[in-house]
Amino acid sequence: MATDNRINFWRRNPKVPGSVQPVYGAQHPPLDPRLRRTYPKDTKPKFNNLKSKKACSFHEFACSTNDAWDIDDEEDENFCGTPFPASFAPSVEDATASVHNQKPRHQKGDAESALPHSLTPPRNERHGLQKDNPSECERVNGKFVKSSSDADLNTSSVRSPLQKQQSLPVRPIIPLVARISDQNASGAPPMTVREKSRLDKFKQLLASPNTDLEELRKHSWSGIPREVRPITWRLLSGYLPANKERRELVLKRKREEYFGFIEQYYHSRTDEHYKDTYRQIHIDIPRTNPLIPLFQQPAVQEVFERILFIWAIRHPASGYVQGINDLVTPFFVVFLSEFVTEDVENFDVAALPLETQRNIEADSFWCMSKLLDGIQDNYTFAQPGIQNKVKALEELVSRIDADIHNHFKKYEVEYLQFAFRWMNNLLMRELPLRCTIRLWDTYQAEAEGFSHFHLYVCAAFLMEWRKEILCMADFQSLLMLLQNLPTIHWGNEEVGLLLAEAYRLKYMFADAPSHYKR
């Protein structure tokens with residue numbers, strides 16, 4: 001009844017924006033989706049009727065958007081799904097039989113037929129489900145569906161957890177936001193012949209007395225195997241030398257140097273001159289990836305505090321800026337994965353030997369420092385680097401897609417209002433962490449990947465949502481879409497396509513900047 005009243009309120013008051021949700025950027029944790037998500041029964045997108053869309057579009061969008069911080073499907077079921085009665089609980093035999101009988105499910109009817117008989121709800125219950133979702137091909141569980149794979153993921157709300165675990169979908173299941181592991185990690189299908197061949201090539205390159213960095217970059221562009229990612233990142237970032245014999249000596253020296261900084265400077269965090277910097281770092285650390293248990297461990301938060309404080313006082317031109325805290329996380333996770341075979345996101349870091357913890361911390365500091373050396377103008381006073389990149393993005397989009405550019409102008413959407421965060425956080429707030437790690441494989445392989453190629457990735461990322469952007473017919477809906485893009489189900493495949501499009505744009509415009517300047 002409450003939902004019906006809200007829908008009627010929106011229709012009676014088309015000019016009232018409703019309950020505006022605060023925008024949470026790099027300095028804030030995301031909203032808990034359970035506090036803001038509703039599932040309307042009768043709302044259905046009508047893109048041909050602009051009048052009715054104006055009345056309901058913001059409400060529909062707020063109910064249908066999941067971003068990279070939303071919670072797992074199982075948690076969604078706790079507050080929006082209808083549990084099956086005990087009589088419909090599947091037996092192990094039925095669930096096992098369904099594994100062999102399932103076919104690719106691209107329609108609702110197929111999904112129902114694939115369920116074991118003991119899981120199929122009675123006719124009246126199925127009718128009720130259909131009534132709640134009158135247009136399955138356009139909306140599933142209140143979310144806009146772009147592809148059949150999205151529909152498959154959303155129909156999981158009518159399956160039991162047992163069947164979820166034992167079913168075999170057409171493509172590998174991509175872990176959701178709270179999962180760091182990429183698609184080649186534990187729980188994924190066995191390594192293919194091609195993947196094994198690539199891994200062997202990486203091992204061959206890394207084992208040579210002098211690693212050919214150009215060849216290593218060429219192979220890293222399309223993704224680095226998980227097993228060799230830590231050493232490859234150290235080499236590509238410039239932290240380790242190409243000469244194999246010198247690596248151990250350099251590692252030892254740089255790690256001792258970092259902990260020398262700790263002894264020299266870290267006690268000064270309570271001094272009058274540095275206490276504001278330390279206080280801001282101390283506030284921001286718990287907000288870093290709040291849905292991933294790994295980053296809520298006290299030992300991990302202390303590591304991040306030390307890394308960020310030492311970097312800030314060694315770079316007084318910029319100091320600490322909100323958003324830099326996010327840039328530590330990919331390095332920390334990658335270097336931790338070198339010592340962890342289980343799921344990284346739930347691993348207790350305190351269980352590692354102290355020497356290993358210290359090595360991970362020092363390596364994360366130096367690699368983050370190398371990254372920030374190339375984009376430090378993003379974080380100096382007034383952040384001129386970001387201002388210039390946002391302006392370049394606007395000029396580029398005006399050339400490659402005039403429809404989107406004019407749509408933004410029509411509804412007075414400024415690029416700075418959404419792209420500032422894209423540049424400040426290198427899209428880390430828009431993508432799950434597993435996607436960021438894959439993205440950074442390519443950034444490490446590209447010349448000026450973080451400072452220059454990122455511009456074209458942002459342009460390709462914007463073009464990815466072209467259809468959704470052009471369907472929004474007011475400022476509020478556009479801004480909410482751009483700040484809450486539904487990338488929760490993204491994995492290596494989507495990031496690979498994004499990077500391919502970014503490379504195409506770079507090939508067209510990078511060597512001819514006058515093509516996108518007015």
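So, here is what we can say about the structure in this document. Owing to the predicted nature of the structure, the values given are computational and were not obtained by experimental measurement. (Residues numbered from 1 in each chain as written. Predicted model: local features only at pLDDT ≥ 70, side-chain atom pairs only at ≥ 80, totals over all residues. Heavy atoms only, no water.)

Below, the discussion takes up the overall build of the chain. Of the regular secondary structure elements, the chain holds 25 helices and two strands. Expressed as a percentage of its 518 residues, the buried residues of the chain come to 51%. Taking as baseline every contact in the chain between residues at least 6 positions apart, the subset at least 24 positions apart corresponds to 75%. Looking at the chain as shown, the accessible area adds up to about 24,900 Å², and 53% of this sits on carbon and sulfur atoms. (Helix = DSSP H or I, 4+ residues; strand = E, 2+ residues; numbered from the N terminus. Buried < 20%, exposed > 50% of the residue type's maximum accessible area, 1.4 Å probe, protein only. Contact = heavy atoms within 4.5 Å. Areas by Shrake-Rupley, 256 points an atom, 1.4 Å probe, with all protein chains shown as cover.)

It is worth spelling out the environment of Leu462 at this point. You can see Leu462 is positioned in helix 22 (residues 449-464). The class for Leu462 is buried, based on a relative accessible area of 0%. In contact with Leu462, not counting residues within four places along its chain, are Val397, Ile404, Phe408, Tyr415, Phe418, Trp422, Ile469 and Leu482.

Next up on the list: the nonpolar core. Among the nonpolar cores identified, the biggest contains 113 residues, and Leu294, Phe332, Leu336, Phe408, Trp440 and Leu462 are the most heavily contacted of them. Counting residues per element, this core draws most heavily on helix 22, at eleven residues. (Core = buried A, V, L, I, M, F, W, Y, C linked by side-chain atoms within 4.5 Å.)

A word on the packing of helix 16 (residues 324-336) against helix 17 (residues 354-373). Relative to each other, helix 16 and helix 17 sit at 130°, their axes nearing to 9 Å. With respect to their mutual orientation, helix 16 and helix 17 come out oblique. Crossing hand, helix 16 versus helix 17: right-handed. Between helix 16 and helix 17, the contacting residues are Ile324, Leu327, Val328, Phe331, Phe332, Phe335 and Leu336 on the first element and Ile360, Asp363, Ser364, Cys367, Met368, Leu371 and Leu372 on the second. A per-class count over the contact of helix 16 with helix 17 returns twelve nonpolar, one polar and one charged. (Axes fitted to C-alpha atoms, helices over the stretch in contact; angles between N-to-C directions. Parallel < 35°, antiparallel > 145°, perpendicular 65-115°, else oblique. Left-handed = near helix turned anticlockwise from the far one by under 90°. Nonpolar A, V, L, I, M, F, W, Y, C, P; charged D, E, K, R; others polar.)

Right, let's talk about helix 18 (residues 384-400) for a bit. Its 17 residues give helix 18 an end-to-end C-alpha distance of 24 Å, which sits within 8% of 24 Å, the value for a rise of 1.5 Å per residue. By the burial criterion, the buried members of helix 18 are Gly385, Ile386, Lys389, Val390, Ala392, Leu393, Glu395, Leu396, Val397 and Ser398. For helix 18, the secondary structure elements touched by its buried residues are helix 19 (402-410), helix 20 (416-424), helix 22 and helix 25 (492-509). (Expected span 1.5 Å × (residues − 1).)

Right, let's get into unusual backbone geometry. Generally, phi is negative for residues other than glycine and the peptide bonds are trans, each holding for most cases. Even without a glycine there, the phi angle at Gln383 is positive, about 45°. Looking at the element boundaries, Gln383 is found in the loop between helix 17 and helix 18. Taking relative accessible area as the criterion, Gln383 reaches 16% and is therefore assigned buried. In this model, Leu426 sits at a positive phi of 55°, which is unusual for a non-glycine residue. On the accessibility criterion, Leu426 (0% relative accessible area) is buried.

In the structure shown here, the tally under the stated rule is 17 salt bridges. Here Lys218 and Glu215 are joined by a salt bridge, their closest N and O atoms 3.6 Å apart. Taken together, the residues span about one helical turn, with Lys218 and Glu215 both in helix 11 (residues 213-220) at a distance of three residues. Overall, the relative accessible area of 21% leaves Glu215 in the partly exposed class. One salt bridge in this structure joins Asp284 and Arg287, with 3.5 Å as the shortest N-O distance. Asp284 sits in the buried class, given a relative accessible area of 1%. Residue classification places Arg287 among the partly exposed positions, given a relative accessible area of 24%. (Salt bridge = Lys/Arg side-chain N within 4 Å of Asp/Glu carboxyl O.)

Right, let's talk about the packing of helix 20 against helix 24 (residues 475-483) for a bit. Direction vectors running N to C along helix 20 and helix 24 enclose 5°, while the axes themselves pass 9 Å from each other. Here helix 20 is positioned roughly parallel relative to helix 24, judged by the angle of their axes. Judged by residue contacts, Gln417, Phe418, Arg421 and Trp422 of helix 20 engage Phe475, Leu479, Leu482 and Gln483 from helix 24. The residue inventory of the contact of helix 20 with helix 24, partitioned by class, reads five nonpolar, two polar and one charged.

As a further point, take the packing of aromatic side chains. Throughout the structure, instances matching the rule amount to 28 aromatic pairs. Residues Tyr258 and Phe365 carry aromatic rings whose centres are separated by 4.8 Å and whose planes lie at 35° to one another, so their mutual orientation is tilted. Of this pair, Tyr258 sits in helix 13 (residues 244-265) while Phe365 sits in helix 17, and the two are 107 residues apart along the sequence. Phe365 shares its class with Tyr258; the two are buried. (Phe/Tyr/Trp six-rings, centres within 6.5 Å; stacked < 30°, edge-to-face > 60°.)

This next bit is on helix 21 (residues 433-445). Between its first and last C-alpha, helix 21 extends 19 Å over 13 residues, near the 18 Å set by a 1.5 Å rise per residue. Buried residues dominate helix 21, accounting for 13 of its 13 residues.

Let's shift gears to the side chain of Arg229. Residue position: Arg229 is located in helix 12 (residues 229-236). The exposure class of Arg229 is buried, given its relative accessible area of 8%. From its side chain, Arg229 meets the backbone oxygen of Ile224 in a polar contact 3.0 Å long. (Polar contact = N/O pair within 3.5 Å; in protein donor to acceptor, adjacent residues only side chain to side chain.)

Positionally, Ser268 belongs in the loop between helix 13 and helix 14 (275-284). If we ignore the near neighbours within four places in the chain, the residues touching Ser268 are Tyr274 and Phe309.

Right, let's get into a nonpolar patch on the surface. Together, Tyr503, Tyr507 and Met508 make up an exposed nonpolar region whose accessible area comes to about 370 Å². Mapped onto the elements, Met508 comes out in helix 25. (Patch = residues over 30% accessible without salt bridge, like charges linked within 9 Å, V, L, I, M, F, W, Y side chains within 5 Å.)

Everything listed here is a matter of coordinates, which is why it stays silent on function.
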